[in-house]
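So you can see what is in the structure, the chains are spelled out below.
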Amino acid sequence: MFKRFEQMFGVDLGTCNTLIYQQGNGIVLREPSVVAIRKDTGQIEAFGEEAYAMIGRTPANLEVIHPLKEGVVANFDMAAAMLKHFISKVQGRYNWFRGSQVYISVRCGITEVQKRAVENMVVHKGSKRSVTIEEPLAAAIGAGLPISDPIGNMVVDIGGGTSQVALISLGGIVVSQNIRLGGMSIDRDIIEYVKKTYNVIIGERTAEEIKKTIASAVMPEADIRMDIRGNDLVAGLPITMSITSKEIYEIFDHFSMSIVESIRQTMEQCPPELAGDLMERGILLCGGGALLQGLDQRLQQEIGVPVHLAEFPMECIAQGAGRMLSFKAESIGNYTSSNEALEAAANQ
Ligand SMILES: Nc1ncnc2c1ncn2[C@@H]1O[C@H](COP(=O)(O)OP(=O)(O)OP(=O)(O)O)[C@@H](O)[C@H]1O
Ligand SMILES: [Mg+2]
């Protein structure tokens, strides 16, 4: 059956995850942003979930790469191939990407040239029109904030490769900051800690599992123990050992305080009229890193402003980009100056 909204998409191309949203159908694709390639020939072996399952298990001639680093496309060919694969997967199911209008989210502060490159990746794959939208703006729309009102809304997006703090008012970004820290840097810190303290090498996926299971931004009440497997550097053999939530809390502290510092710096640049709004309305926390145990609580304690975790922290950027699509792209192409369209999008 033909649907009027069937040619409208929102894409969140992230360092860790890619999400595609379709108006009316919601999130239709959610896959890790990874590609498995053959080292000798450069030939692509797998994308997304399939490639992610190979991390740490690849034979010598295969490697799994992240085409995005710190929120921006680092390997254009791989990113384009991955996006093409994801789009064809969606096309296969619904057959509606061709001729569509696509909003694709990008990190704040990237250059116009980088934006065009991202837009072209989608246009090439058959979409009629592709427009970039800054991630904090998309997140705010996705979470239903009244972004086109003359009031200040602060969004903190903790992604995998990068974190962004942005103050939004009247449909545009007033001030923003990027920090090169995200969920993946915590994983690296955990790997480093285990190596230094126990002489054991653990893989990326184990580190991520530790983070999701026992990491906490506030001092854990009980010391939870988790069994992990790695390679003993001294004996040169696989080993099972345990690690506790209190140890992880210590290494996590630097990360929490870097986010606090970045929020403080953004607040310092905030026009005084908007500062009062922030004190009252608080901060919207989103991105996968926002799911870190106790992070909202810790930020609230340190900054003294209410911190609200988005209802769907990992989805709100794609959702927000998708909601822009309920309007003709022509009328909101220049979205920062089209507050009516933004308002309507946010209230959808
Ligand atoms: N429950 C959880 N607890 C802690 N961290 C989590 C949880 N779920 C996901 N994460 C982390 O969130 C990160 C991915 O978040 P997200 O998908 O928002 O990133 P991204 O958009 O791909 O990256 P970026 O925005 O930097 O380009 C990963 O580092 C992942 O480990
Ligand atoms: Mg992101």
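Counting restarts for each chain, with residues numbered from 1 along the sequence as it is written. All chains are assigned letters beginning with A, and all ligands numbers beginning with 1, in the order in which they are written. Selection of residues for local features in this predicted model requires a pLDDT of at least 70, selection of side-chain atom pairs for listing and counting requires 80 or more, and totals for whole chains, interfaces and linings are taken over all residues. Excluded from the side-chain calculations are hydrogens and water; all other atoms, namely the structure's heavy atoms, are used.

Remarks on the overall build of the chain
Helix and strand assignments follow DSSP, with helices taken as H or I runs no shorter than four residues and strands as E runs no shorter than two, numbered in order from the N terminus. Looking only at helices and strands, the chain features twelve helices and 18 strands. Contact between two residues is taken to exist if any of their heavy atoms lie within 4.5 Å; hydrogens are not considered. Long-range pairs, those at least 24 residues apart, make up 62% of the contacts in the chain with a sequence separation of at least 6. Per-residue accessibility takes into account occlusion by the displayed protein chains alone, with areas from the Shrake-Rupley method and a 1.4 Å probe. With the model as given, the accessible surface of the chain reaches about 15700 Å², and the carbon-plus-sulfur share is 49%.

Some remarks on the nonpolar core
As used here, the term nonpolar core means buried Ala, Val, Leu, Ile, Met, Phe, Trp, Tyr and Cys residues forming a set that is joined through side-chain atoms within 4.5 Å. Whether a residue is buried, partly exposed or exposed follows from its accessible area with a 1.4 Å probe, protein chains only, as a fraction of its type maximum: under 20%, in between, or over 50%, in that order. Ranked by size, the top nonpolar core spans 42 residues in total, and within it Ile210, Ile243, Ile263 and Leu299 carry the most contacts. Tallying contributions element by element places helix H7 (residues 245-268) first for this core, with seven residues. An automatic or database domain assignment supplies the start and end points of every domain. Residues from two domains meet in this core; each of domain 2 (153-181 + 255-309) and domain 3 (183-251) gives at least three. In contact with Ile243, other than residues within four places in its own chain, are Tyr193, Val194, Ile210, Ile214, Ile224, Arg225, Met226, Ile228 and Ile248. Ranked by size, the runner-up nonpolar core spans 26 residues in total, among them Phe9, Val35, Phe86 and Ile110.

Some thoughts on the site of ligand 1
Taken together, 20 residues form the shell around ligand 1, and within it Thr15, Cys16, Asn17, Glu208 and Lys211 come nearest. A distance of 2.6 Å separates an oxygen atom of ligand 1 from a polar atom in the side chain of Thr15. Interatomic distance of 2.8 Å between a backbone N/O atom of Gly161 and an oxygen atom of ligand 1. Class assignment of the residues belonging to the shell around ligand 1 gives a composition of five nonpolar, twelve polar and three charged. Here a residue is near a molecule or strand as soon as one of its heavy atoms is found within 4 Å of it. Under this definition, polar contacts are N or O atom pairs within 3.5 Å; protein pairs additionally need one hydrogen-donor-capable and one acceptor-capable atom, and for neighbouring residues in sequence, both atoms have to be side-chain atoms. For this classification, Asp, Glu, Lys and Arg are treated as charged, while Ala, Val, Leu, Ile, Met, Phe, Trp, Tyr, Cys and Pro are nonpolar and the rest, including Gly, are polar.

Quick notes on helix H10 (residues 316-323)
Taken across its eight residues, H10 has eight buried, putting it largely inside the fold. The set of residues buried in H10 consists of Cys316, Ile317, Ala318, Gln319, Gly320, Ala321, Gly322 and Arg323.

Thoughts on the sheet that holds strand E5 (residues 44-47)
Here, strands pair whenever DSSP counts at least two bridges between them. The strand order across the open sheet built from three strands is E5-E4-E6, with neighbouring strands paired in antiparallel fashion. Here the strands that pair on one side only, and so sit at the sheet edges, are E5 and strand E6 (62-65). Across the sheet, the mean angle from the axis of one strand to that of its neighbour is 20 degrees, orientation sign disregarded. The pairing of strand E4 (residues 35-38) with E5 spans three bridges and is antiparallel. Across the sheet, the residue bridging to Val35 is Phe47, located in E5. Axes, fitted as lines to C-alpha atoms, cover a helix only where it is in contact. Angles between the N-to-C directions of the axes lie from 0 to 180 degrees.

So, the UniProt feature "binding site: ATP" (unreviewed entry) in the chain
UniProt positions are given in the numbering used here, feature names are shortened, and annotations may be inferred rather than shown by experiment. Residues annotated by UniProt as "binding site: ATP" (unreviewed entry) correspond here to Gly160, Gly161, Thr162, Glu208, Glu209, Ile210, Lys211, Gly288, Gly289, Ala290 and Leu291. Position of Glu208 relative to the elements: it lies in helix H6 (residues 204-214). For Glu208, a relative accessible area of 19% corresponds to the buried category. Look past the residues within four positions of Glu208 in its chain and what remains in contact with it is Tyr52 and Asp187. Owing to a relative accessible area of 10%, Lys211 belongs among the buried residues under this scheme. Ignoring any residue separated from it by four or fewer positions in sequence, one finds Lys211 in contact with Gly183, Ile186, Asp187, Ile190 and Leu292.

Quick look at the packing of helix H4 (residues 135-142) against H10
The geometry of H4 relative to H10 is characterised by a closest axis approach of 6 Å and an angle of 85 degrees between their N-to-C directions. By the angle between their axes, H4 is roughly perpendicular relative to H10. Residues Glu135, Ala138, Ala139, Ile141 and Gly142 of H4 pack against Cys316, Ile317, Gln319, Gly320, Ala321 and Arg323 of H10. Of the residues contributing to the contact of H4 with H10, the split by class is six nonpolar, three polar and two charged. When an angle is under 35 degrees it counts as roughly parallel; over 145 it counts as roughly antiparallel; between 65 and 115 it counts as roughly perpendicular; any other value is oblique.

Some thoughts on the pattern of salt bridges
Salt bridges, as used here, are contacts in which a Lys or Arg side-chain nitrogen is within 4 Å of a carboxyl oxygen on Asp or Glu. Per the stated rule, a full pass over the model turns up eleven salt bridges. Across the salt bridge formed by Lys89 and Glu31, the nearest N and O atoms sit 2.4 Å from each other. In this pair, Lys89 is assigned in helix H2 (residues 76-94) and Glu31 in strand E3 (residues 26-32), connecting sequence segments 58 residues apart. Looking at Lys89, the relative accessible area reads 37%, which means it is partly exposed. Salt-bridge contacts for Arg116 lead to Glu112; the nearest nitrogen and oxygen are separated by 3.1 Å. Of the two residues, Arg116 and Glu112 both sit in helix H3 (residues 112-123), four residues apart, roughly one turn of that helix. A relative accessible area of 46% places Glu112 in the partly exposed class. Where salt bridges share partners, they join Glu112, Lys115, Arg116 and Glu119 into one cluster.

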